[in-house]
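Coordinate inspection notes
Listed below, chain by chain, are the residues.
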Amino acid sequence: KDKIVAVAGARYDWAENDSINRVTNAAFLGQNFSQWVFKYGLVGRVTEGLSIYLNHSENFNPVVGGFDDLGNRLKNEEGKNDEGGLKFDLMDHRLTATVSVFDSKTTNKLVSIGLINPSTGNLEVYRIQTGHTTTKGWEADVAWQPIDSLSLIGGLGNVQIRNERGIRLANGSYGMNYRGFAKYTFREGPVRGLGIGAGYSFTNDRAGDGGDTFTLPAYGSMDGLIQYGRKKWSIQVNILNATDKIAVVSSVVRANVQPLAPRQYRVTFRYTF
């Protein structure tokens, strides 16, 4: 009946990096990277069709270079993520949903800051490991099959990603975002095996550059599909950006932006032996 499942794990990674002069074959600036990371979680069934879960995980990325501009040995970038939520399984598995909240942080990030050089009295830019990013928010996802022929999926969430100065990270979607997709498959009659689907996704405002000096506007886009299959074979046509929407997806600076790709068609043929 009702039960609680707990999991825990640990991992140790070690790696060595050697830079080699390909002319003299001399090795220099060797670095060793090693660290323990941990993960643990808890899942418990509250009642039939409803469970609660909690999760903590860690990771790290080696930072190559040896030392920062102040002579401090570089540390690994460290990440920690905490998440908790509810899982629903209702209507004889026809309705499943997950609602969760999360809080993640990455530390020891290399950032550029201005400091006074004591020997010259001049303001200079140094690269040091004082940066961090935090990601907080919530999300909800649902899949519903009210009848055998109709499938519905959707999701929405709210995310905030900022650095140590409280500035939004470039190209990260902030505030409310949502998406949904519906597919109907004919199971009887002369068009049995024909499936038609359509979906819509909304991406909210994003910072346009690393300094958050301008904002990329929100946009929505639609996709569609047509599928037909009989026994061992099927063919599917996906229509991406079906309305040929013009929007900006990402950017580096104001003069360098990546637009949303124009309407595209993708054809897939499958045969099962």
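Look above for the structure.
The present account deals with the structure reproduced in this document.

What counts, and at which threshold
- Residues numbered from 1 in each chain as written.
- Predicted model: local features only at pLDDT ≥ 70, side-chain atom pairs only at ≥ 80, totals over all residues.
- Heavy atoms only, no water.
- Pairing = 2+ DSSP bridges.
- Helix = DSSP H or I, 4+ residues; strand = E, 2+ residues; numbered from the N terminus.
- Buried < 20%, exposed > 50% of the residue type's maximum accessible area, 1.4 Å probe, protein only.
- Patch = residues over 30% accessible without salt bridge, like charges linked within 9 Å, V, L, I, M, F, W, Y side chains within 5 Å.
- Areas by Shrake-Rupley, 256 points an atom, 1.4 Å probe, with all protein chains shown as cover.
- Salt bridge = Lys/Arg side-chain N within 4 Å of Asp/Glu carboxyl O.
- Phe/Tyr/Trp six-rings, centres within 6.5 Å; stacked < 30°, edge-to-face > 60°.
- Lys NZ or Arg CZ within 6 Å of the ring centre and 35° of its normal.
- 1 Å grid on protein atoms, 1.4 Å probe; cavity = no way out; pocket = protein on both sides within 12 Å on 5 of 7 lines; lining within 4 Å.
- Points joined across faces, edges and corners; volume = space filled by probe spheres on them.

**A few points about the pairing of strand β15 (residues 256–259)**
Along any regular strand the residues' side chains alternate between the sheet's two faces. Two strands pair when backbone bridges link them, and strand β14 (residues 248–253) and β15 are joined in this way by 4 bridges, in the antiparallel orientation. Note that in β15 the partner of Ser250 across the bridge is Gln258. Once β14 ends, the chain turns through 2 residues before running back antiparallel as β15.

**Structural notes on unusual backbone geometry**
Although it is not a glycine, Met91 sits at a positive phi angle of roughly 55 degrees. The residue Met91 is located in the loop between β4 (77–90) and β5 (95–116) in this model. Overall, Met91 belongs to the exposed group, its relative accessible area being 52%. Positive phi values are uncommon outside glycine, yet Asn171 reaches one of about 65 degrees. Counting through the fold element by element, Asn171 comes out in the loop between β7 (150–163) and β8 (175–185). Given a relative accessible area of 30%, Asn171 falls into the partly exposed group.

**Comments concerning a nonpolar patch on the surface**
Together, Val101, Trp138, Leu156, Met176, Tyr178, Tyr200 and Met222 line one region of the surface with nonpolar side chains, adding up to about 590 Å² of accessible area. Relative to the helices and strands, Tyr200 is located in strand β9 (residues 194–203).

**Remarks on the packing of aromatic side chains**
Any two aromatic rings considered together are summarised by their centre-to-centre distance and by the angle between their planes. According to the stated counting rule, one finds 8 aromatic pairs in the structure shown. Measuring from ring centre to ring centre gives 6.3 Å for Trp36 and Phe38, while their planes differ by 15 degrees; the resulting arrangement is stacked. The class for Trp36 is partly exposed, based on a relative accessible area of 47%. Among the aromatic residues, ring-to-ring pairing joins Tyr12, Trp36 and Phe38 into one connected group. In this structure, Lys87 is placed above the aromatic ring of Tyr53, and the distance from its NZ or CZ to the ring centre is 4.9 Å. The ring of Tyr174 has Arg168 lying over it, and the distance from NZ or CZ to the ring centre is 5.3 Å.

**Digging into the layout of surface pockets**
Taken as a whole, the largest pocket encloses approximately 180 Å³ of empty space. Lining of the largest pocket is provided by Lys109, Val111, Ser112, His132, Thr133, Asn163, Glu164, Arg165, Arg168, Leu169, Ala170 and Gly210. Counting only elements with at least two residues in the lining of the largest pocket, the list comes to β5 and β6 (123–147). The biggest single contributor to the lining of the largest pocket is β5, with 3 residues.

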